[in-house]
Amino acid sequence: MNIAYKAFCRVYQFAFHMALPVLPYREPEIYKTIADTVSILKKQQITSVLLVTDQGLRKAGSTGNVHSGKL
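Bear in mind the structure is a predicted one, so any value in this text is a computation, not a measurement.

### Notes on a nonpolar patch on the surface
Together, Met-1, Tyr-5, Phe-8, Tyr-12 and Phe-16 line one region of the surface with nonpolar side chains, adding up to about 650 Å² of accessible area. Looking at the element boundaries, Phe-16 is found in helix α1 (residues 3-19).

### A word on unusual backbone geometry
Not every positive phi belongs to a glycine, and Gln-45 is a case in point at roughly 60°. Within the fold, Gln-45 resides in the loop between α2 (34-43) and α3 (55-60).

### Some words on the confidence of the model for the protein
Of all residues in the protein, 90% have pLDDT values of 70 or greater, and the mean over the chain is 84. In the model of the protein, α2 stands out as the element of lowest mean pLDDT, 81, in contrast to α1, which has the highest, 94.

What counts and what doesn't
- Residues numbered from 1 in each chain as written.
- Predicted model: local features only at pLDDT ≥ 70, side-chain atom pairs only at ≥ 80, totals over all residues.
- Heavy atoms only, no water.
- Patch = residues over 30% accessible without salt bridge, like charges linked within 9 Å, V, L, I, M, F, W, Y side chains within 5 Å.
- Areas by Shrake-Rupley, 256 points an atom, 1.4 Å probe, with all protein chains shown as cover.
- Salt bridge = Lys/Arg side-chain N within 4 Å of Asp/Glu carboxyl O.
- Helix = DSSP H or I, 4+ residues; strand = E, 2+ residues; numbered from the N terminus.
- pLDDT = per-residue confidence, 0-100.

See below:
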C-alpha cells in the first residue's frame, strides 16, 4: 500500500474518531406496529419508503400489512 495513502487514511480515521463525541446522534426509538411507523412518516412528511426484506420475512407475514401506494 502506498505510504502517502496509508497516512491519509490514518489521519481521516483519527479526525472522525475525534469528532464522534460532538456529532449530533439521536436515541433510537422502537415502534411496535406498522401504524406507529406510518404516523411518524406522516409527521415528517415522508411520502415514500423503500422496504428491503427477504422471502423468510415475507412468508412469516411480517410485511403483510404493508402495501404499495401513498401514505
